[in-house]
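# Commentary on secondary and tertiary structure
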Amino acid sequence: MRYFLIAGEASGDLHAARLIEELRRRDSAASFTGLGGDRMRDAGCEILVHYREMAYMGIVAVLQNLGKIRRNFRTAKAGLLREKPDVLVLIDYPSFNLKMAAFCRKHLPATKIYYYIPPKVWAWKTWRVHRIARLCDEVLGIFPFEPAFYAGYGYRCRYVGNPTAEEIALWKTQHESIPRENLIAILPGSRKGEISKCLPAMVAAAKRVAEQIAKQKGERYEIVVAGAPGIDDAFYAPYLRGTSIRCTRDTYRLVSQAAAAVVNSGTATLETALLGCPQVAVYHIACSKHLMWLKPLIFSIPYFTLVNLIAEREVIKELVGGYFTQTNLEQELTRLLTDAAYRQRMTEAYEDISRRLSSTPTAQNAACIITAALHTHM
């Protein structure tokens, strides 16, 4: 069987690599081509475009890189037509992947299309649910509430497990329990655009809180930034210049050690919760004063973070848009570090989230569905 996979960022690269490994276990002769990163390449996939050339966030970044984006589309389309894959697997990255799905459906109608880790249409752009269902043979969701959401529109989505929960469960079995230390972890995101918007305030707030606690209680906290895959340390250097803050690539260990974390909203908030670290989530939104007023018209969910959505209540504080200020961040981070009861309630809620997700072998389940369907149609 020939597989073509498209992942547009680091987390998608990881989850796609896991799926490739599972598919190869079932078919040692299978071939894999696509757009992704180093993990997919290490799993045996020929990479036509690296996700570093694809991860553009925001209108300005997209406009500045239109030439590269068009080139990526041309490369992907040419690769599809050349490979004529039996299966096209899309991993998140909706703006690009839905266009590729439409192209594949038109020019390669025999190719089966699977959306593994579908876009978060339950959060916003709900109209995309119709396009996804029309273009894809199967939608393989990673959140337990997604099947009900799709069913509400008359479509099917299968919950195959959550790869983040599975990944962290595996990591925990391979590492001894790590004691908490006087560390403040900063997770500023995986894209350069969001890092540049969020990291300055995150660093400033963490420094200020650490200084105040050292002065008032004599306790000293080290501040450590989690570097994203594919982004060199040199990119972080200007934001950390003149400080003792260091950068690490071992994010799971950092979060497991930290007393508290400041996290850019996204999958990292869920990772932080599953690793049991008290946290505050932040997210920068351009023109936030106007967009926050329009929030009920744009977003169809009560919360922004996966942690709160899965728990169906506010577990962690969300400082989004106009609420993301250094002052608000300082107040919440201080509370996380000084209010033991608050931390306890948060970590107890984390345990409930972990139970809801379980550590089901996600990639294995997805591979079973894909290969079973292919054999049925052979």
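This write-up is about the structure you can find in this document. The structure presented is a predicted model; accordingly, all values stated were derived computationally and were not measured.

### A word on the overall build of the protein chain
- The secondary structure content of the protein chain amounts to 18 helices and 13 strands.
- What you see for the protein chain is a C-alpha radius of gyration of 21 Å, in line with the 21 Å of a compact globule of 378 residues.
- Looking at the protein chain as a whole, 52% of its 378 residues are labelled buried.
- Look at the contacts in the protein chain between residues 6 or more apart in sequence, and 66% of them connect residues 24 or more apart.
- Carbon and sulfur atoms make up 51% of the accessible area of the protein chain, which amounts to about 17400 Å² in all.
- Taken together, the 49 basic and 36 acidic charged side chains of the protein chain have centroids lying 7 Å from each other.

### Side note on the pattern of salt bridges
- This structure, assessed with the given rule, holds 18 salt bridges.
- Where Asp233 meets Arg249, a salt bridge forms, and the shortest distance between an N and an O atom there is 2.5 Å. A residue pair is termed long-range when its members are at least 10 positions apart, and Asp233 in helix H10 (residues 233-240) and Arg249 in the loop between strand E10 (246-248) and helix H11 (251-257) qualify at 16 residues.
- Among the residues examined, Asp233 registers a relative accessible area of 46% and is labelled partly exposed.
- Judged by relative accessible area, which is 41%, Arg249 ranks as partly exposed.
- Residue Glu314 is joined to Lys317 by a salt bridge in which the shortest nitrogen-to-oxygen separation is 4.0 Å.
- With relative accessibility at 28%, the residue Lys317 sits in the partly exposed group.
- When salt bridges that share partners are traced, they join Glu312, Asp352, Arg355 and Arg356 into one network.

### Here we look at the pairing of strand E1 (residues 2-7)
- Most of E1 sits out of view: five of its six residues are buried.
- Of the pairings in the sheet, the one linking E1 to strand E2 (residues 31-36) comprises five bridges and is parallel in character. Note on E2: the bridge partner recorded for Tyr3 is Phe32.
- The β-α-β motif built from E1, the intervening helix H1 (residues 10-26) and the parallel element E2 has right-handed crossover chirality.
- Relative to strand E4 (residues 87-91), E1 runs parallel, the two sharing five bridges. The residue bridging Phe4 from the neighbouring strand is Leu88, located in E4.

### Points about the side chain of Asn72
- Along the polypeptide, Asn72 turns up in helix H4 (residues 66-83).
- A distance of 2.8 Å separates a polar atom in the side chain of Asn72 from the backbone oxygen of Glu53.
- Apart from residues no more than four positions distant in its own chain, Asn72 is found in contact with Leu35, Val49, Glu53, Met54 and Phe96.

### Some thoughts on the sheet that holds strand E11 (residues 260-264)
- Spatially, E10-E9-E8-E11-E12-E13 is the arrangement adopted by the six strands of the open sheet, whose pairing is parallel. The sheet is open, and its two edges are formed by E10 and strand E13 (317-320), each paired on a single side. Going across the sheet, the axis of each strand differs from the next one's by a mean of 25°, ignoring polarity.
- Two strands pair when backbone bridges link them, and strand E8 (residues 183-187) and strand E9 (residues 222-226) are joined in this way by four bridges, in the parallel orientation. Within E9, the residue paired with Ala185 across the bridge is Val224.

### Here we look at the state of the cysteines
- In this structure the tally under the stated criterion is zero disulfides.
- Distance from the sulfur of Cys104, which forms no disulfide, to the nearest cysteine sulfur (Cys136) is 9.7 Å.
- Its sulfur unpaired, Cys247 is 15 Å from the next cysteine sulfur, which belongs to Cys198.
- Since its relative accessible area comes to 24%, Cys247 is described here as partly exposed.

### Focus: unusual backbone geometry
- Unlike most non-glycine residues, Tyr93 shows phi in positive territory, near 45°.
- For Tyr93, the position within the fold is in the loop between E4 and helix H5 (94-107).
- Located in the positive-phi region is Glu312, a residue other than glycine, with phi close to 65°.
- As for its position among the elements, Glu312 is in the loop between helix H15 (306-311) and E13.
- For Glu312, a relative accessible area of 62% gives the class exposed.

### Considerations on the packing of aromatic side chains
- Under the definition given, this model contains eleven aromatic pairs.
- Between the aromatic rings of Trp122 and Phe145, the centroid separation amounts to 4.9 Å while the plane-to-plane angle is 90°, which identifies the pairing as edge-to-face. Taken together, the residues span a long stretch of sequence, with Trp122 in the loop between strand E5 (112-116) and helix H6 (128-135) and Phe145 in the loop between strand E6 (138-141) and helix H7 (146-151) at a distance of 23 residues.
- Relative to Tyr236, the ring of Phe235 has its centre 6.0 Å away and its plane inclined at 85°; by these criteria the two rings are edge-to-face.
- Note on Phe235: relative accessible area 22%, which makes it partly exposed.
- Taking relative accessible area as the criterion, Tyr236 reaches 0% and is therefore assigned buried.

### Some details on helix H16 (residues 326-338)
- For H16, built from 13 residues, the straight-helix expectation of 18 Å at 1.5 Å per residue is met to within 8% by its first-to-last C-alpha distance of 18 Å.
- Considered for burial, the residues of H16 that qualify are Leu329, Glu330, Glu332, Leu333, Leu336 and Leu337.
- Buried residues along H16 sit in contact with E8, helix H9 (192-217), E11, strand E12 (279-283), E13 and helix H17 (340-357).

About the criteria used
Numbers given for residues are sequential positions, taken from 1 along each chain in its written order. In view of the model being predicted, local features appear only for residues whose pLDDT reaches at least 70, and side-chain atom pairs are presented and counted only at 80 or more, with totals across whole chains, interfaces and linings using the full set of residues. Side-chain metrics in this entry use all non-hydrogen atoms of the structure; hydrogen atoms and water are not considered. A run of H or I in DSSP counts as a helix once it spans at least four residues, and a run of E counts as a strand once it spans at least two, with each numbered from the N terminus. Within these notes, the globule rule equals 2.2 Å times the number of residues to the 0.38 power, and the radius of gyration is based on C-alpha atoms. Three exposure classes are used, based on accessible area relative to the maximum for each residue type with a 1.4 Å probe and protein chains only: buried under 20%, partly exposed in between, and exposed over 50%. Residue contacts follow a heavy-atom distance rule, with two residues in contact if any of their heavy atoms lie within 4.5 Å. Each accessible area is a Shrake-Rupley result for a 1.4 Å probe, and residues are judged covered by the shown protein chains and nothing else. His residues and chain termini do not enter the charge count, which takes Lys and Arg as positive and Asp and Glu as negative. The atoms used to mark charge sites are NZ of Lys, CZ of Arg, CG of Asp and CD of Glu. Throughout this description, the term salt bridge denotes a Lys or Arg side-chain nitrogen within 4 Å of a carboxyl oxygen of Asp or Glu. Any two strands are treated as partners once DSSP identifies two or more bridges connecting them. Seen with the strands pointing away from the viewer, any crossover whose path from the first strand over the helix to the second strand runs clockwise is right-handed. We call two N or O atoms a polar contact when they sit within 3.5 Å, provided that within protein one can donate a hydrogen and the other can accept it, with sequence-adjacent residues counted only if both atoms are side-chain atoms. Angular values range over 0 to 180 degrees, each being the angle between N-to-C directions of two axes fitted as lines to C-alpha atoms, with helices fitted over their stretch in contact. Note on terminology: disulfide denotes any pair of cysteine sulfur atoms within 2.5 Å. Side-chain rings of Phe, Tyr and Trp (the six-membered ring for Trp) are treated as a pair once their centres are within 6.5 Å; stacked means planes under 30 degrees apart, edge-to-face means over 60, and tilted covers the remaining angles. Any helix carries an expected span of 1.5 Å times its number of residues minus one.

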